[in-house]
Amino acid sequence: MYSKRFEKETFKEAVRENVRTLYRKNIAEASPQQIFQAVSYAVKDIIMDDWIATQKAYDEADAKAVYYMSMEFLMGRALGNNLINMTAYKEVKEALEEMDIDLNVVEDEEPDAALGNGGLGRLAACFLDSLSTLNYPAYGCGIRYRYGMFKQKIENGYQVETPDNWLKEGNPFELRREEYAKEVRFGGNVHFDKDPETGKDIFVQENYESVLAIPYDMPIVGYGNHVVNTLRVWDAKAITDFQLDAFDRGDYHKSVEQENLAKLIVDVLYPNDNHYAGKELRLKQQYFFISASLQTMLEKYKKKHSDVRKLYEKVAIQMNDTHPTVAVPELMRLLIDQEGLTWEEAWDVTTKTCAYTNHTIMSEALEKWPIDLFSRLLPRIYQIVQEIDRRFLIEVRAKYPGNEEKVRKMAILYDGQVRMAHMAIIAGYSVNGVAKLHTEILKHQELKDFYEMMPEKFNNKTNGITQRRFLLHGNQLLADWITNKIGDGWITDLAQIGKLKAYVDDEQARKEFMEIKYRNKVRLAAYIKKHNGIEVDPNSIFDVQVKRLHEYKRQLLNIMHVMYLYNQIKEHPEVSFYPRTFVFGAKAAAGYKRAKETIKLINSVADVVNNDRSINGKLKVVFIEDYRVSNAELLFAAADVSEQISTASKEASGTGNMKFMLNGAPTLGTMDGANVEIVDEVGIENAFIFGLSSEEVINYENHGGYNPTEIYFNDWEIKRVVDQLMDGTYANGNHEMYKDLYNSLLNTQCTDRPDTYFILKDFRSYADAQKKVEEAYKDKDRWSKMAMMNTASSGKFTSDRTIEEYVDDIWKLKKVFVKPVEE
Ligand code: 26V
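Here, residues in each chain are numbered from 1, in the same order as that chain's written sequence. A pLDDT threshold of at least 70 governs which residues receive local features in this predicted model, and a stricter bar of 80 or more applies before side-chain atom pairs are shown or counted, although totals over entire chains, interfaces and linings include all residues. As a rule here, side-chain values come from all non-hydrogen atoms in the structure, and water together with hydrogens is ignored.

Naming follows an unreviewed UniProt entry, where the protein appears as Alpha-1,4 glucan phosphorylase of Mediterraneibacter gnavus. The UniProt entry for the protein carries this comment under Cofactor (unreviewed entry): "pyridoxal 5'-phosphate". UniProt positions are given in the numbering used here, feature names are shortened, and annotations may be inferred rather than shown by experiment. Looking at the protein in UniProt, the text filed under Sequence similarities (unreviewed entry) is "Belongs to the glycogen phosphorylase family."

Written as structure tokens, this is what we have:
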């Protein structure tokens, strides 16, 4: 047993005691939320011993640690996951049952920690799980947003955003650590001086505004190994007792004002996925958490080591996209201004410490801060950026004499902007993409000039996901079945799931496998009935597309294909059609018009199709409101088909694709991102691949795009679907409702190319692939083999593998083992 404190009677007593001391109630009187709090505190209490022991073990080993810097950690719920990782889920479930408490109901009381948008944030969360499970010292560093990802409501088919007040009831899995607060300075001006004692040049920042950063720690429990790492997220508070002059000291209003200003920094997660907006507050957020995290890191290092010039021996800093790139000049500042290193010494340390991961090639996501904003907010940091740029350009000119084009293309400071990606690449000792194809595109297209100049920095780290959350917790029926067949080694060594291949030809095993899928579909159907009021048939094909809403992900292609199927069924009711349920889940950035119109379209098609009695329920369309980590777990478990239909070259990796695969859903997708590697693993016969290749897309793009009107006029079925966007079929006769979508496909007057994302170009090939899905599904034997082969071939896509690669090639960490505390 993980801890004696999970013994049923002991644990029950702890819960009773918590209900009593927290609420002065007994179990029968407590609300579900109060039970959740009481159970969580009991669990946290058990975590605490391991947490302390882990930090002590790290200290004694003086082990190198990675600092994973990220603006986003999409953690989801903690309670169930912590119990899973402490191998105590079943015991606790039974203990609670004896008290007439259903653990599932308790889990549903926990709000998701939605401190992230989508793929990039969830990847950070999976990485933390793997780091702990694999015994690596690690710190996640981020922001404790007061409001996480907005909650999505669907009203009259439209997305409505409401604030995510996730901390309203308090968060039992966090620890406020006021005593480790750090000061962060913004604005003011810098002047150059001589240190009166040493005579050295020093830089003095004056008239600045400071904010106090207060850390909150969240435990990251490893699987069964007693390792507990820390996710440190920063809250902001005003510094009211200095900076205010004597006159202001007693000024209540001013201090409240300052407090509010400070709070604003951590108020809300920017909900734009893949779209840079250049907001000052966002840059403030970035510098705020980076400065506080780096100060803490340095302080910790100096407790044990006197020579900061060897920092890189004990610390690696991974920058999750360009968002944390101010870490580069901030580390330089701390090393030079605070630690007294020379520029050359500081540069040596920084470039051996910082590494950068790129997550997108979408140009609109590139962070380019206006120089006037950047230099006003971070004057000293800006000086350092200038100097990094100046020195780098000397190297560029030395390597490419007379080639000023290179200088323009590669400079950090250009055209009035600070190009963060360039700084990350120039200062980082490693630059990685997140899937093979993506890394190749980076090397040979987007970052070609940098690859040419510094090829040794570039490497690939194909993403992964944690099987602990997305199979062991999310799909307990399948997890138990797999363990029964091949043992439980897969939980920490997913390669072992390959042993299931031996069962693919075993009819009984396949039957059981599909029965589990069916039960998970029944579970999802109940969720849909409860939340959407729609009846769906668990015997129909569950075709699922869940991910952020973005044009390049092409939810529009999917829903237009549904419209096309509906037309066919109406026209030819006699033709056999295997019943289908199309499930969507997606949040759109609040200001992203076409994305929001697509959500409305999906809901309108759902209304029409679901209520058309004449089609006998052959087609159902469901939009899952407020798609998030917790309901994602249900969706992956229940899916028959995984929709991964991005325009080839645009999806850096995708990670949802891996979660579907793990749960036995074949991919219907393009050769994009990690789909390519999924096909490598599972075999092309166990996937449904369609559409343009990335080379073809890139080739069209280099030649000004393609002409969609040709397709429109030559394929009447496609034309009919496109016209239905404008003829009021799905808009109660309104002809304007989907005008933007229509124009995005055909209109040459638009600012961008018509059909930028090749929807019409890929439509036929997508419809053909969908037809093949139907054929395959009708053949029960064939389908069950495919489904099982997907699960059995998913071994590569564990984030444990990804983390081992980061450790070997980039971070160079050593494992530290933790002895459980004697009881
Ligand atoms: C970018 C930006 C740009 C500036 C404004 C706010 C903001 C917020 C989030 C992002 C992140 C976009 C990048 C992203 O999420 N990429 C996804 O990363 C996944 C993990 O590597 C990968 O699987 C997805 O393919 C990729 O789209």
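Once you've had a look at it, read on.
### Examining the overall build of the protein
Of the regular secondary structure elements, the protein holds 32 helices and 25 strands. It is over C-alpha atoms that the radius of gyration is taken, and the globule rule equals 2.2 Å times the number of residues to the power 0.38. What you see for the protein is a C-alpha radius of gyration of 27 Å, in line with the 28 Å of a compact globule of 823 residues. Taken over the C-alpha atoms alone, the protein extends approximately 95 × 75 × 55 Å along its principal axes. For the exposure calls, accessible area comes from a 1.4 Å probe over protein chains only, and a residue counts as buried if that area is under 20% of its type's maximum, exposed if over 50%, partly exposed in between. The 823 residues of the protein split such that 61% are buried. Taking contacts inside the protein between residues at least 6 apart in sequence as the whole, the part at least 24 apart equals 77%. Positive and negative side-chain charges in the protein, numbering 107 and 126 respectively, have mean positions lying 1 Å apart. Here a helix means four or more residues in a row that DSSP labels H or I, a strand means two or more in a row labelled E, and each is numbered from the N terminus. Here, residues are in contact when the closest pair of their heavy atoms is within 4.5 Å. In this tally, Asp and Glu contribute negative charge and Lys and Arg positive charge; neither His nor the terminal groups of the chain are included. Charge coordinates come from a single atom per side chain, which is NZ of Lys, CZ of Arg, CG of Asp or CD of Glu.

### Topic: the site of the ligand
A molecule or strand has a residue near it when one of that residue's heavy atoms lies within 4 Å. As a structural note, the neighbourhood of the ligand is formed by 22 residues, with Asn 272, His 359, Asn 463, Glu 651 and Gly 654 the closest of them. Whenever a nitrogen or oxygen atom comes within 3.5 Å of another N or O atom, the pair is scored as a polar contact, on the condition that within protein one atom can donate a hydrogen and the other can accept it, and that pairs from neighbouring residues in sequence are kept only if both atoms are in side chains. His 359 is positioned such that a nitrogen or oxygen atom in its side chain is 2.6 Å from an oxygen atom of the ligand. A distance of 2.6 Å separates an oxygen atom of the ligand from a polar side-chain atom of Glu 651. Bound to the protein, the ligand loses 97% of the 590 Å² it would expose on its own. Among the elements that take part in the shell around the ligand, helix H6 (residues 119-133) stands out by supplying three residues, more than any other. When its residues are assigned to classes, the shell around the ligand shows seven nonpolar, eleven polar and four charged. Working definition of accessibility: Shrake-Rupley area with a 1.4 Å probe, residue cover restricted to the visible protein chains. Classification used: nonpolar for Ala, Val, Leu, Ile, Met, Phe, Trp, Tyr, Cys and Pro, charged for Asp, Glu, Lys and Arg, polar for all others including Gly.

### Concerning helix H28 (residues 716-724)
Glu 717, Ile 718, Val 721, Val 722 and Gln 724 are the residues of H28 that are buried. For H28, the buried positions fall inside an angular range of 160 degrees around the axis, keeping them on one side. Where H28 is buried, its residues contact helix H21 (555-571), helix H27 (708-714), helix H29 (739-746) and helix H30 (759-778). By definition, the arc is the one covered by directions from the helix axis to the C-beta atoms.

### Remarks on H21
An expected span of 1.5 Å times one less than the residue number is assigned to each helix. With 17 residues, H21 ought to run about 24 Å at 1.5 Å a step, and its terminal C-alpha atoms sit 24 Å apart, in line with that. When you tally the buried positions in H21, you get 14 out of 17 residues, the bulk of the element.

### Here's the deal with the state of the cysteines
Any two cysteine sulfur atoms within 2.5 Å of one another count as a disulfide. Scanning all chains against the criterion turns up zero disulfides. Looking at Cys 126, it has no disulfide partner, and the nearest cysteine sulfur is the one in Cys 141, 18 Å off. The class of Cys 126 is buried, set by a relative accessible area of 1%. Just so you know, Cys 141 is unpaired, no disulfide at all, and the nearest cysteine sulfur is the one on Cys 354, 12 Å from it. For Cys 141, a relative accessible area of 4% translates into the label buried.

### A short note on the environment of Tyr 180
Within the secondary structure, Tyr 180 sits in the loop between strand S7 (175-176) and strand S8 (182-186). Residue Tyr 180 is classed as partly exposed on the basis of its relative accessible area of 33%. On a C-alpha basis, the gap between Tyr 180 and Gln 286 in space is 19 Å, while along the polypeptide they are 106 residues apart. Residue contacts for Tyr 180: discarding those within four places in its chain leaves Pro 215, Arg 232 and Trp 234.

### Re the nonpolar core
The biggest cluster of nonpolar side chains holds 151 residues, and the ones touching the most others in it are Phe 11, Met 560, Leu 601, Leu 619 and Leu 760. At ten residues, H21 tops the list of elements feeding residues into this core. To form a nonpolar core, buried Ala, Val, Leu, Ile, Met, Phe, Trp, Tyr and Cys residues must be joined to one another through side-chain atoms within 4.5 Å. Core analysis: the next-biggest nonpolar cluster, separate from the first, contains 130 residues, Trp 166, Val 227, Met 297 and Phe 374 among them.

### With respect to the packing of H6 against helix H32 (residues 799-811)
Any two packed helices are characterised by the angle at which their axes cross and by the distance between the axes. Every axis in this analysis is a line fitted to C-alpha atoms, fitted for helices over the stretch in contact. Angles between the N-to-C directions lie between 0 and 180 degrees. Following both chains from N to C, one finds H6 and H32 inclined at 75 degrees, their axes separated by 9 Å at the closest point. Classed by the angle they form, the pair H6 and H32 counts as roughly perpendicular. Contact residues: Cys 126, Phe 127, Ser 130 and Leu 131 in H6; Ser 799, Asp 800, Thr 802, Ile 803, Tyr 806 and Trp 811 in H32. Broken down by class, the residue content of the contact of H6 with H32 amounts to six nonpolar, three polar and one charged. If an angle is under 35 degrees, it is roughly parallel; if it is over 145, roughly antiparallel; if it lies from 65 to 115, roughly perpendicular; otherwise it is oblique.

### Considerations on the pairing of strand S6 (residues 158-162)
Each pair of strands is called paired provided DSSP finds at least two bridges between the two strands. By the bridge criterion, five bridges tie strand S5 (residues 151-155) to S6 in an arrangement that is antiparallel. Counterpart to Glu 155 in the pairing with S6 is Tyr 158.

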